[in-house]
Amino acid sequence: AALRALATDGIQAGHMTLHARSVVKAAGAPAELFNEVLERVLQSGEIKVWKAQQVLDEVRRSAPADRKTAPRRLPEAGVGVGYGKIILLGEHAVVHGRHAIGCPVPLTIRAVVEDGDRGVELLIPRWGVEYQLAKPPEQRRSFEQAAGAILDKLGLADRTLRIEVFPDVPRSMGLGGSAALAVAIVRAPDLHFRLGLTDVEVNELAYLSEQTAHGQPSGIDNTLATYGRPLVYRRGSPPLVELLNIPTPLSIVVGMTQSEGLTARTVANVSEARRRNPRLYEKIFDDIDSLVLQAVSAIQDSDVTTLGDLMNINQGLLNALQVSTPELERLIDVARDAGAAGAKLTGGGGGGAMIALCGDSTTADVQQAIERQGFRTLLVTPGAVQ
Ligand code: MEV
């Protein structure tokens with residue numbers, strides 16, 4: 001009901017949200033609680049600093065553990081859902097034809113389609129985004145290009161409709177935000193207009209959108225965003241997509257840096273370096289591939305120690321590809337010092353997030369150690385029933 005209430009006012013709600021964001025900021029909401037406070041303030045209709053402070057107190061009093069491990073929400077009727085993800089091992093090498101392992105995180109991006117009143121509108125109130133997609137492709141900017149490509153392909157670009165998006169996956173954190181957004185934007189009109197798209201078609205459209213957004217994606221992010229299951233992936237025609245059986249659930253702490261990671265840029269940098277020195281880089285990609293395949297066996301054997309070692313070595317090779325940053329290295333060090341079995345960056349790097357694999361007894365220590373340094377965390381438990 002809250003979703004519907006937010007969706008009905010369209011553009012006006014978008015402006016309201018921009019105002020509410022500044023109110024929530026003025027109330028001193030920290031980054032990790034910001035979206036929750038914002039949504040509750042918007043629902044209350046009292047866009048005032050005193051109200052935001054009151055809501056912030058309530059949110060702080062509610063069980064923090066629940067928020068950190070919030071289970072993935074099931075799709076509600078008519079709501080298109082795309083899943084966020086982590087790459088366990090193999091990012092960047094996967095762009096160059098090697099294997100990678102990816103797992104969903106308990107964060108999604110959801111979208112709904114409503115009847116609109118002027119062309120195709122795309123609203124993402126939490127991000128302060130309001131776009132008009134009904135324009136020629138060359139006049140579209142940023143998000144409009146990726147979302148517009150989907151609407152063109154679905155033959156809906158000249159309709160009158162409003163797509164409203166509710167993102168839980170943070171932007172530019174290496175957690176698959178752009179792919180989850182693309183999948184949500186494909187699935188919402190599919191449900192609304194009963195287009196009957198298969199998962200394969202949804203995935204293909206999301207891949208098209210990813211290509212528009214960042215040039216040469218491997219396709220792993222949109223595949224994870226579509227299926228929301230742990231999997232081994234290798235690009236190709238068709239790509240290899242194998243569901244990964246995880247007999248003993250893994251305990252992974254995600255630590256988010258304060259810098260955005262621009263995957264398009266790091267992927268382009270690695271490709272350019274490979275072009276200058278193909279033999280050297282192909283060797284690194286092969287070494288990463290070997291780590292990924294050994295990691296699949298370690299997961300089947302429930303061998304956390306070996307899996308952690310493999311992740312640490314993968315991080316060394318990502319460093320060789322120059323996609324790590326001092327901030328990521330700091331969080332990785334903090335996690336290892338606190339007892340993580342292994343830690344590495346996840347996704348495109350150049351900022352964004354890192355992951356730490358923990359044994360049962362170290363998860364809380366690792367999570368607290370990262371948070372004590374002032375960084376946000378998220379607990380992901382691939383293989384657990386959610
Ligand atoms: C991004 O999540 C993973 C990269 O390998 C890019 C890609 O596979 O498209 C860096």
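Because the structure is a prediction, the values reported are computed rather than measured.

J.: When you look at the packing of helix α11 (residues 278–300) against helix α12 (residues 304–320) in this model, what are you seeing that I'm missing?
T.: When two helices pack together, their arrangement is captured by the angle between the axes and the distance separating the axes. With their axes 9 Å apart at the nearest point, α11 and α12 run at an angle of 165° to one another. One finds that α11 runs roughly antiparallel with respect to α12. Considering only the axes of α11 and α12, their crossing is left-handed. Note on element contacts: α12 touches α11 through Thr-306, Leu-307, Leu-310, Ile-313, Asn-314, Leu-317 and Ala-320, opposite Tyr-281, Ile-284, Asp-287, Ile-288, Leu-291, Gln-294, Ala-295, Ala-298 and Ile-299. In terms of residue class, the contact of α11 with α12 is made up of twelve nonpolar, three polar and one charged.

J.: Looking at this structure, how should I read helix α13 (residues 326–337)?
T.: Since the α-helix packs 3.6 residues into each turn, any two residues three or four apart lie on the same face. With twelve residues, α13 extends 16 Å between its outermost C-alpha atoms, agreeing within 8% with the 16 Å of an ideal straight helix rising 1.5 Å per residue. Turning to α13, its buried residues number three or more, namely Glu-327, Leu-328, Leu-331, Ile-332, Val-334 and Ala-335. Looking straight down α13, one finds its buried side chains confined to an arc of 160°; they lie on one side. Looking at α13, the residues exposed on the side facing more than 90 degrees away from the buried face are Pro-326 and Asp-337. In the core, the buried residues of α13 are packed alongside β8 (251–256), α12, β9 (342–346), β10 (353–358) and α14 (363–372).

J.: What am I meant to see in the packing of aromatic side chains here?
T.: Under the counting rule described, the total for this entry stands at one aromatic pair. Against the face of Phe-193 rests Arg-159, its NZ or CZ located 4.7 Å from the ring centre.

J.: It is not clear to me how the nonpolar core should be interpreted in this structure. Could you clarify?
T.: Note that soluble globular proteins tend to have their nonpolar side chains buried in a common cluster. Core analysis: the biggest nonpolar cluster contains 92 residues, and Ile-86, Leu-88, Leu-89 and Ile-101 have the highest contact counts within it. Ranked by residues supplied to this core, first place goes to α11 with ten residues. Among all residues touching Leu-89, those that are not within four sequence positions of it are Ala-100, Ile-101, Leu-291, Val-292, Ala-295, Leu-307, Leu-310, Met-311, Asn-314 and Lys-344. Grouped together as the second largest cluster of nonpolar side chains are 16 residues, Ala-20, Val-24, Ala-27 and Phe-34 included.

J.: Is there a simple way to explain the sheet that holds β8 in this structure?
T.: Strands belonging to one sheet form pairs held by backbone hydrogen bonds; the direction of such a pair is parallel or antiparallel. Pairing within the open sheet is antiparallel, and its four strands lie in the order β9-β10-β8-β11. What marks the edges here is a single partner per strand, and that holds for β9 and β11 (376–380). Strand-to-strand twist across the sheet, computed as the mean angle between neighbouring axes with direction ignored, equals 25°. With six bridges connecting them, β8 and β10 associate as antiparallel partners. Note on β10: the bridge partner recorded for Gly-255 is Met-354. Contacting β9 and β10, α12 crosses the sheet at an angle of about 45° to β9. Sheet strands in contact with α14 are β8, β10 and β11, and its direction is about 0° off that of β8.

J.: Would you explain α14 in this entry?
T.: Along α14, the residues classified as buried are Thr-363, Val-366, Gln-367, Ala-369 and Ile-370. The buried residues of α14 occupy an angular sector of 160° when projected down its axis, which confines them to one face. Count one or two residues on from α14 and you reach Gly-374, which has phi positive near 95°.

J.: Where do I start with the site of the ligand in this structure?
T.: Surrounding the ligand, one finds 13 residues, the nearest of these being Lys-85, His-92, Val-94, Ser-218 and Asp-221. A distance of 2.9 Å separates an oxygen atom of the ligand from a polar side-chain atom of Lys-85. His-92 is positioned such that a nitrogen or oxygen atom in its backbone is 2.9 Å from an oxygen atom of the ligand. Out of a free accessible area of 290 Å², the ligand has 99% covered by protein chains. Looking at the shell around the ligand, the elements that each hand over two or more residues are β1 (80–89) and α9 (220–227). Residues that form the shell around the ligand fall into these classes: six nonpolar, four polar and three charged.

J.: I would appreciate a short explanation of unusual backbone geometry in the present structure.
T.: Leaving glycine aside, a negative phi is the common case for residues, and trans is the common case for peptide bonds. The omega angle of the peptide bond from Ser-237 to Pro-238 is 0°, so this bond is cis rather than trans. Mapped onto the secondary structure, Pro-238 falls in the loop between β6 (231–234) and β7 (240–243). One non-glycine residue, Ser-172, lies in the positive phi region at around 55°. Assignment of secondary structure puts Ser-172 in the loop between β5 (161–167) and α7 (177–192).

Basis of the calculations
Residues numbered from 1 in each chain as written. Predicted model: local features only at pLDDT ≥ 70, side-chain atom pairs only at ≥ 80, totals over all residues. Heavy atoms only, no water. Axes fitted to C-alpha atoms, helices over the stretch in contact; angles between N-to-C directions. Helix = DSSP H or I, 4+ residues; strand = E, 2+ residues; numbered from the N terminus. Parallel < 35°, antiparallel > 145°, perpendicular 65-115°, else oblique. Left-handed = near helix turned anticlockwise from the far one by under 90°. Contact = heavy atoms within 4.5 Å. Nonpolar A, V, L, I, M, F, W, Y, C, P; charged D, E, K, R; others polar. Expected span 1.5 Å × (residues − 1). Buried < 20%, exposed > 50% of the residue type's maximum accessible area, 1.4 Å probe, protein only. Arc of directions from axis to C-beta. Phe/Tyr/Trp six-rings, centres within 6.5 Å; stacked < 30°, edge-to-face > 60°. Lys NZ or Arg CZ within 6 Å of the ring centre and 35° of its normal. Core = buried A, V, L, I, M, F, W, Y, C linked by side-chain atoms within 4.5 Å. Pairing = 2+ DSSP bridges. Near = heavy atom within 4 Å. Polar contact = N/O pair within 3.5 Å; in protein donor to acceptor, adjacent residues only side chain to side chain. Areas by Shrake-Rupley, 256 points an atom, 1.4 Å probe, with all protein chains shown as cover.

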